[in-house]
Structures are given as C-alpha cells and as structure tokens.
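These are the residues of each chain, in order.
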Amino acid sequence: MHLLGLHHLTAITADASGNHRFYTRTLGLRLVKKTVNQDDVSAYHLFYADGAATPGTDITFFDWPLPAEQRGTRSIARTGLRVGSAQSLAWWQQRLADAGIDAEPVTDDDARPTLHFEDPEGQRLALVVDDTPGPEHQPWSGSPVPAEHQVRGLGPVTLSVPELGPTETVLTDLLAMRRVREYQAGAGGASVYVYQMTPASSPESAAGELHVAVEPGLPAARQGAGAVHHVAFRTPDIEQYQAWSRRLASSRLPFSGEVDRYYFRSLYVREPNGILFEIATDGPGFGVDEPMAQLGERLSLPPFLEPRRGQIEAGLKPL
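What comes next is a walk through the structure. (Residues numbered from 1 in each chain as written. Predicted model: local features only at pLDDT ≥ 70, side-chain atom pairs only at ≥ 80, totals over all residues. Heavy atoms only, no water.)

A closer look at empty space enclosed by the protein
Here's step 1: If you walk through the whole model with that rule in mind, you get one cavity of 30 Å³ or more.
Here's step 2: Roughly 50 Å³ of volume is contained in the largest cavity.
Here's step 3: Forming the walls of the largest cavity are Leu27, Gly28, Leu29, Arg30, Ala49, Asp50, Gly51, His137, Trp140, Gln150 and Val151.
Here's step 4: Across the lining of the largest cavity, the residue classes break down as five nonpolar, four polar and two charged. (1 Å grid on protein atoms, 1.4 Å probe; cavity = no way out; pocket = protein on both sides within 12 Å on 5 of 7 lines; lining within 4 Å. Points joined across faces, edges and corners; volume = space filled by probe spheres on them. Nonpolar A, V, L, I, M, F, W, Y, C, P; charged D, E, K, R; others polar.)

Following this line, the structure appears as structure tokens:
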C-alpha cells in the first residue's frame, strides 16, 4: 500500500479577492472550485489547479481574516510548484519581475533549478524544474501563461521540524514513505531530508516528494495569513482509503476518522511535531456537481450545505 504523491496543499489567505487575482492572473492557474470551508461556512475554500483539476495540481486556500503568520518550525515552510524546463524558469523570472514580485536568484536545490518567491501575503513558494513524469498535467486554455510555461502541479513540499526522529517515524513506519537522500539548504543552511511516497520502481518525481528541514533553533510557528494549514497525499480508491483509515486508527496519533468532503474523501492525522497531514482520494473529483468546462464559475456547495445556500452566499464577499 503506497501513497501516489501529493494531492493538494491548503493554505490561508486574509484577502480572497487579491488571492484569486494573483493565482489566476499572475500564476495562471485555473479556479476549479469555488466553495466554502465545510467546517466554517463563513470562509471561502478556493481551489486552483491545472486545466482539468488533476489531483496533485491543487493549491487551495481558506479565507480567514487573520494577521500574518508568525514563521518558525513545526510548520509547512514552502510549497514547490513544478515547471518543465530551465527555459520556463527564465520566463517566470521575467514574469514575476513584471508583476512586482521580488524573486530570489535561481538556486540549485536538491540538484533542481529553483526560483524562490512569495505571494503578496508572504506565502512561500518555489518554481522547481522537474521534467520527470508526475500527474498528467492538462494545460488551461484560459490561462494568461503559455501552455509550455504553465505550472504542472505541486512538488516538493517542505516541512520545518525541530527534530527529525518523531516525524520520520510517521513518514516511514506509518505512511510508508522512503528516505531517499539529504542535502543542505543553501550555504550553511538546514539539513533537508527527502522522502519519496511512491514505490521504488516509480520515477522520483518532485510530485511524490516531501522534504523535511531540521531547524531546532527556530521558535514554533503560529498560523495566520501566508501560512500553510495542511498538506494532503493521494490514495487512488475507496478500498485503499479504508485500509489507510484502519492503519491510522491504530497509530495512537490524533486522527479524524473518515470524512466525506463530497469531492474526495479525507483522513486527517497530526504528526508529533504538530503538522497536519491529510490522505485524500483521487475521486470523485470536481466535475461531480458542475460541467468541467464551467468549473469554478459559481459557488459550489456539497449537498448537505445546499439548503443553506442563501445564508452562505450572503456572508461571502464577491471575488
């Protein structure tokens, strides 16, 4: 039983309209689902992905009016977004500069050319050159970004922890990931350990990687605008989902039980350093309640919230 790679990553914005503008107009992603946080219907839950809402391409946001994140360890520290070539990275350097985004010089992180930058709220992102096979990217025809330069999906995602052992035990013993290598984050930077989700026979794509930076000298992070709430991993079907549910239930870690999110089914578990993980099914997907050609054009609600549509829409600001 193996996870298939990254499913989605959920972060926090305090400016839904600005967030929508940046991720669709600057980064060129498609808004594939405009819905609400099912546990807090006063907040949008916005999903941005490729043209077909492929699992593994989603970066999502809860719209919460919070102050800025207090950065530190015990957190998800940076989100990688894969691009196909060094030529694409050069193209993005110019695009970000034209948009007033201060990107850092290109670095060679884990032997991959990488461009670090932040969104307008301080969300830490990186464009990573990775031409190995990952989830099949579907370009979005409505994107302002040419198809050859569009973001191909998530990967890698980097955690920060004060000590490796407890987190590594969860990743390897519980979630069946493999530690495949380590590297230094810049000159004199933290040691970073790379964990691969997919079987050893699969290509080592960044779409299946979790990187763990060990940073004992940092204070604990406090979530806010610009922070990441959780990272989700892919499982293909209900049978494996239920097998993961049984496995997590026996782990003694804080565990949600099975949660039906309508667009996918979820399991949530918090590892010992306090970082929230989710395992999510690939299906049924975002086309379950609206045509694929019209994804994200209206507020979508799961059936149990549909009777409250008028109340919910009245409490949301237009994007």
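Considering the sheet that holds strand 4 (residues 58-63)
Here's step 1: Spatial strand order, 2-3-4-1-13-16-15-14: eight strands in an open sheet with mixed pairing. The strands lining the two open edges of the sheet, one partner per strand, are strand 2 (30-37) and strand 14 (259-260).
Here's step 2: The pairing of strand 1 (residues 6-13) with strand 4 spans six bridges and is parallel. Paired with leucine 9 across the strands is isoleucine 59, a residue of strand 4.
Here's step 3: Helix 1 (residues 16-26) rests against strand 1, strand 2, strand 3 (40-49) and strand 4 of the sheet, and its axis sits at about 10° to strand 3. (Pairing = 2+ DSSP bridges. Helix = DSSP H or I, 4+ residues; strand = E, 2+ residues; numbered from the N terminus. Contact = heavy atoms within 4.5 Å. Axes fitted to C-alpha atoms, helices over the stretch in contact; angles between N-to-C directions.)

Thoughts on the pairing of strand 3
Here's step 1: Of all 10 residues in strand 3, eight are buried, a share of seventy percent or more.
Here's step 2: Across seven bridges, strand 2 lies against strand 3 in antiparallel orientation. Each bridged residue has a counterpart across the sheet, and for lysine 34 the counterpart in strand 3 is leucine 46.
Here's step 3: The turn joining strand 2 and strand 3, which pair antiparallel and follow one another in sequence, is formed by two residues.
Here's step 4: With four bridges joining them, strand 3 and strand 4 adopt antiparallel strand pairing. Each residue of the ladder has a partner; that of phenylalanine 47, found in strand 4, is threonine 60. (Buried < 20%, exposed > 50% of the residue type's maximum accessible area, 1.4 Å probe, protein only.)

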